[in-house]
Amino acid sequence: MTRRKLIAGNWKMNNTVAEAVVLTQEISNRFENDWTDTVDVAICPPYVDLKPAHTVLEFDKQKIAIGAQNVYWEASGAYTGEISVAMLRDVGCTYCIVGHSERRTLFGETNEDVNKKVKALIENKVQPIHPIVCVGESLAVRDEGTYLDFVDKQVRAAFAGLDATDAAGCVVAYEPIWAIGTGRTATPEQAEEVCRAIRVTLGELFGDERADDMRVLYGGSMNEGNAELLLAQEDIDGGLIGGAALKAESFIAIVKAAL
Ligand code: 13P
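### Here we look at the side chain of Ser84
In step 1: Mapped onto the elements, Ser84 comes out in the loop between strand 3 (65-68) and helix 3 (85-90).
In step 2: Ignoring sequence-local partners within four residues, the contact set of Ser84 consists of Val71, Tyr72, Glu74 and Ala75.

### A short note on the site of the ligand
In step 1: Neighbouring the ligand are the residues Asn10, Lys12, His100, Glu175, Ala179, Ile180, Gly181, Gly220, Ser221, Leu240, Gly242 and Gly243.
In step 2: The contact in question runs from an oxygen atom of the ligand to an N or O atom on the side chain of Glu175, over 2.9 Å.
In step 3: Between an oxygen atom of the ligand and a main-chain N or O atom of Gly243, the distance comes to 2.8 Å.
In step 4: Compared with its free state, where it exposes 310 Å², the ligand has 95% of that area covered by protein.
In step 5: Across the shell around the ligand, the residue classes break down as 3 nonpolar, 7 polar and 2 charged.

### Concerning the nonpolar core
In step 1: Grouped together as the largest cluster of nonpolar side chains are 69 residues, with contacts concentrated most on Phe159, Ile198 and Leu202.
In step 2: If you look at the next biggest cluster of nonpolar residues, it comprises 13 residues, including Ala8, Cys134, Ala173 and Leu240.

### Observations regarding the pattern of salt bridges
In step 1: Per the counting criterion, the structure on display carries 17 salt bridges.
In step 2: Put simply, Asp212 and Arg3 hold a salt bridge, and the shortest N to O gap is 3.7 Å. Highlighted residues: Asp212 in helix 10 (residues 208-213) and Arg3 in the segment before strand 1 (5-10), separated in sequence by 209 residues.
In step 3: Judged by relative accessible area, Asp212 falls into the partly exposed class, the value being 31%.
In step 4: Relative accessible area serves as the criterion here: at 13%, Arg3 is assigned to the buried category.

Rules behind the numbers
- Residues numbered from 1 in each chain as written.
- Predicted model: local features only at pLDDT ≥ 70, side-chain atom pairs only at ≥ 80, totals over all residues.
- Heavy atoms only, no water.
- Helix = DSSP H or I, 4+ residues; strand = E, 2+ residues; numbered from the N terminus.
- Contact = heavy atoms within 4.5 Å.
- Near = heavy atom within 4 Å.
- Polar contact = N/O pair within 3.5 Å; in protein donor to acceptor, adjacent residues only side chain to side chain.
- Areas by Shrake-Rupley, 256 points an atom, 1.4 Å probe, with all protein chains shown as cover.
- Nonpolar A, V, L, I, M, F, W, Y, C, P; charged D, E, K, R; others polar.
- Core = buried A, V, L, I, M, F, W, Y, C linked by side-chain atoms within 4.5 Å.
- Buried < 20%, exposed > 50% of the residue type's maximum accessible area, 1.4 Å probe, protein only.
- Salt bridge = Lys/Arg side-chain N within 4 Å of Asp/Glu carboxyl O.

As far as function goes, none of this settles anything; it's purely spatial.
Pasting the structure below:
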């Protein structure tokens, strides 16, 4: 098992270009490239900030990757307001968050949409953009006790029609909705239970060898205080960070917790 941890900051709908440049520069100033021997780091700003953020990191020669928060599956055409995979590649993206719970609940994104987006992202095998596929249950589903089944179905739907070769480089992020932006983090045991179950599902879909290589992240109120214990769990291979990714100090502290 040789999984490198991945710490990805999801900025959500925060930061103008000027603010994004400042935050990226602050992160860059505190970042040491040799950390990437053991941990991969990515920031996922809003679309309009992708290129400016990438330019800052390129200028500083920092091995911090850029990711988008969403994508559309068609290559081009009359899809007002949408952004294609090629456009993301063009501004330097190597990751793309797909199926975040906010997109599912606020913007009606379905499991089928998520599946189409994953397929579009990995279609170009030479320059794939790694999907970070978000799954996770609501508080109602957690209280019902059916969360493992719920998450299993989301994972199977996201990867429907894909084989083990396609799945290489894909990332899954377990983000229980009740822990997002609420300050109520899943305990390390709760997070590990579901991340472990996700890996079992991935094993059933793609074989144990591939599942062993794929990264499963935890997201939901992860911060510098709780990151170390969460990241110490066997099946938690990193974090998808919201609020704590908006300050360079706390984001870098979480990166250090993954070293
Ligand atoms: P918070 O870290 O703010 O809870 O957000 C988590 C998240 O949704 C990351 O995608």
